[in-house]
Amino acid sequence: DTAVSQTPKYLVTQMGNDKSIKCEQNLGHDTMYWYKQDSKKFLKIMFSYNNKELIINETVPNRFSPKSPDKAHLNLHINSLELGDSAVYFCASSRSSYEQYFGPGTRLTVT
Amino acid sequence: GQQLNQSPQSMFIQEGEDVSMNCTSSSIFNTWLWYKQDPGEGPVLLIALYKAGELTSNGRLTAQFGITRKDSFLNISASIPSDVGIYFCAGQGNYQLIWGAGTKLIIKP
């Protein structure tokens, strides 16, 4: 059984497009996160949601917007994609502020 | 954002060797976590440490929570080819994990 899943695994799109990445967790966790991993493998927290409320919002462009329809899902919507948005995006979940469990990642390539 | 000091940045090792890596911080943490990331996959939790001075093992992996609560160590004994990957440390802050930049483990041919 997949604990944290993301779709799609790969996403290739052109500059200026709008795209979404979906994330679902079946662990019963109450907090979900989005991370961006750049080419140097740095993991940068972008957002987290606890009980459908945003509790962390790092200095990411407002073109990025997380949407959580329920506790098990946290989707990432990106408007007006730019070349610099190319990266691997990871979803993660945790029970409160305890250890986080990661999804397999979505490799986004903007051309 | 804040980042932990993780070293070494990369390691070339022979199969069978023992490996050590560490993370240090200027801040105190109540929890230290160690993750491993394989190519094309997400980070996987290896060991979680909750108490200063704690020493925890997971198979050939052993991690310690530094007594000052500002550092942590991960040791891998008798490395095997599947140990290659990137190892990340993370300290539990107030609302988020603070991450190290990773240690890349490479097996010498």
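Residues numbered from 1 in each chain as written. Chains lettered and ligands numbered in written order. Predicted model: local features only at pLDDT ≥ 70, side-chain atom pairs only at ≥ 80, totals over all residues. Heavy atoms only, no water.

### Quick word on the overall build of chain B
What counts, and what does not: Helix and strand assignments follow DSSP, with helices taken as H or I runs no shorter than four residues and strands as E runs no shorter than two, numbered in order from the N terminus. In this description the radius of gyration comes from C-alpha coordinates, and the expected globular size is given by 2.2 Å times residues to the power 0.38. Three labels apply to residues, based on accessible area from a 1.4 Å probe with only protein chains included: buried if under 20% of the type maximum, exposed if over 50%, partly exposed otherwise in between. We call two residues in contact when some of their heavy atoms are within 4.5 Å.
Of the regular secondary structure elements, chain B holds 0 helices and 11 strands. Starting at the N terminus and walking to the C terminus, you meet the elements of chain B as β-β-β-β-β-β-β-β-β-β-β. Over its C-alpha trace chain B gives a radius of gyration of 13 Å, about what one expects of a compact globule, namely 13 Å for 109 residues. With respect to the three principal axes, the spread of C-alpha positions in chain B is 40 × 25 × 20 Å. Of all 109 residues assigned to chain B, the portion counted as buried reaches 44%. When contacts within chain B are restricted to residue pairs at least 6 apart in sequence, long-range pairs at least 24 apart make up 52% of them.

### What to know about the state of the cysteines
Here a disulfide denotes one covalent bond, and it connects the sulfur atoms of two cysteines. Heads up, the rule is: Disulfides are defined as cysteine sulfur pairs within 2.5 Å.
Enumeration according to the criterion identifies 2 disulfides over all chains in this entry. Disulfide partner of A:Cys23: A:Cys91, at an S-S distance of 1.8 Å. Between A:Cys23 and A:Cys91, the S-S torsion sits near -75 degrees, and that sign places the bridge as left-handed. Here A:Cys23 is found in strand 3 (residues 19–25), whereas its partner A:Cys91 is found in strand 9 (residues 87–94), with 68 residues between them in sequence. In this pair, the class of A:Cys23 matches that of A:Cys91, namely buried. There is a disulfide in this structure between B:Cys23 and B:Cys89, and the S-S distance comes to 1.6 Å. Across the S-S bond of B:Cys23 and B:Cys89 the torsion is about -80 degrees, and the bridge reads as left-handed. Placement of B:Cys23 in strand 3 (residues 19–24) and of B:Cys89 in strand 9 (residues 85–92) is noted, with a sequence separation of 66 residues between them. On the accessibility criterion, B:Cys23 (0% relative accessible area) is buried.

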